[in-house]
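Examining the three-dimensional arrangement
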Amino acid sequence: MLSQFGDDAKLLAGGQSLIPLMKLRFANPKHLVDLNFIPGTSYIKEENGALRFGPMTRHAEIEASSEVAKIPILHDCAAGIADVQVRNRGTIGGSLAEADPSGDWATVLMTLQTNIRCLGPKGDRTVPLADFIKDAYTTALAPDELVSEVMVNARPKNSGGAYLAFKRSAPVYPTASAAVQLTMEGDICKDAAILLGCVGLIPIKAKEAESALRGKQITDKAISSAAESARAAADPQSDMRGSAEYKRTLVGALVKRAIDIAVRRARGEHVEVSHIYA
Ligand SMILES: Cc1cc2nc3c(=O)[nH]c(=O)nc-3n(C[C@H](O)[C@H](O)[C@H](O)COP(=O)(O)OP(=O)(O)OC[C@H]3O[C@@H](n4cnc5c(N)ncnc54)[C@H](O)[C@@H]3O)c2cc1C
């Protein structure tokens, strides 16, 4: 149907981004291709520690999943998106396809090795998430392709992560967010992935912050140095959610806290987190 209708058609998943845009007349498609009635598109499958999500899997299903509970950073993300109504309708496939700079999923999934399956009339291809998100509201999808699966690779042993966002209230997008995923070997950080959300057009990989931890003992000094590098890597805009400088300061604080939680989780500690609300 996408091939048939071209630019006149839009896919409808949970409708939590598309319907508000249509209400505001920013989007005005002649045809909606409703994915909600296609069986077999909502699932969470685990295989040897890797997870596969159907594109229509709702945030609320991910939040409640026992398979996802084994990767706490994914639970942090799903449980913190907006409110119950949005989580009951919104889907992981729709979120990634929307590529909203303030969306949570891409920031979190980029700390894990995630691939996106794109399906179209020419067949099926797999794109690493970092290549899938091209720009704000822009992905690698061809006009006649859809997201058919989200695949998260298994994590190495002794890995742990955390996702924290600062929000003015539950039903709004974050002001800033930080996703941290670490692999530990005793006291030494073997590997680190640090992504910053809502402070750039796409999630920002804080490479210097990662280097400040990789191969090092996680001391207060190393955490502060990583947080400072993350602050410098952020590229926020001043808007109704706060000034650019305010958001940079937030990012530093969120990264600090997320590293602490990630280390504890990597050591097997059960740590419950919630986003931070103003
Ligand atoms: C009040 C409110 C607060 C919100 N707060 C947050 C928040 O804090 N964090 C957050 O991350 N999100 C938030 N959202 C957005 C929410 O997470 C949406 O679920 C998400 O952005 C889009 O998913 P959807 O399934 O609703 O997609 P839809 O709105 O149905 O579709 C979005 C876009 O993706 C396309 N699309 C949908 N599915 C596919 C597919 N499988 N393949 C290709 N293209 C597809 C559609 O054509 C459309 O262009 C909020 C939404 C609302 C209304």
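The structure this text deals with has already been given above.
Please read these numbers as outputs of a predicted model, since none were measured by experiment.

Within the protein one finds twelve helices and 14 strands. Its C-alpha atoms give the protein a radius of gyration of 18 Å, near enough to 19 Å, the size a compact globule of 278 residues would have. For the protein, the C-alpha atoms occupy an extent of roughly 60 × 45 × 30 Å along the three principal directions. Each of the 278 residues in the protein was classed as buried or not, and the buried ones make up 49%. Taking all contacts inside the protein whose residues are at least 6 apart in sequence as the whole, residues at least 24 apart take part in 60%. Taken as a whole, the protein presents about 13,400 Å² of accessible surface, with 51% of it coming from carbon and sulfur. Side-chain charges in the protein split into 33 positive and 32 negative, and the spacing between the mean points of these groups amounts to 1 Å.

A word on the nonpolar core. For soluble globular proteins, the rule of thumb is that nonpolar side chains tend to be buried together. Residues Leu182, Leu196, Leu213, Val255 and Ile259 are the most contacted members of the largest nonpolar core, which totals 36 residues. When residues no more than four places from it in sequence are discounted, the contact partners of Leu213 are Leu182, Cys189, Ala192, Ile194, Ile218, Ala222, Ile223, Ala226 and Ile259. Judged by nonpolar contacts, the second largest core, of 35 residues, contains Ala82, Ile92, Ile116 and Leu195.

The mixed open sheet is built from five strands, whose spatial order is β13-β12-β11-β10-β14. Looking at which strands have only one partner, the edges of the open sheet turn out to be β13 (204–205) and β14 (276–277). Contacting β10 (159–167) and β11 (176–185), helix α5 (residues 72–80) runs over the sheet at an angle of about 20° to β10.

About the cut-offs
Residues numbered from 1 in each chain as written. Predicted model: local features only at pLDDT ≥ 70, side-chain atom pairs only at ≥ 80, totals over all residues. Heavy atoms only, no water. Helix = DSSP H or I, 4+ residues; strand = E, 2+ residues; numbered from the N terminus. Rg over C-alpha atoms; globule rule 2.2 N^0.38 Å. Buried < 20%, exposed > 50% of the residue type's maximum accessible area, 1.4 Å probe, protein only. Contact = heavy atoms within 4.5 Å. Areas by Shrake-Rupley, 256 points an atom, 1.4 Å probe, with all protein chains shown as cover. Lys, Arg positive; Asp, Glu negative; His and termini not counted. Charge placed at Lys NZ, Arg CZ, Asp CG, Glu CD. Core = buried A, V, L, I, M, F, W, Y, C linked by side-chain atoms within 4.5 Å. Pairing = 2+ DSSP bridges. Axes fitted to C-alpha atoms, helices over the stretch in contact; angles between N-to-C directions.

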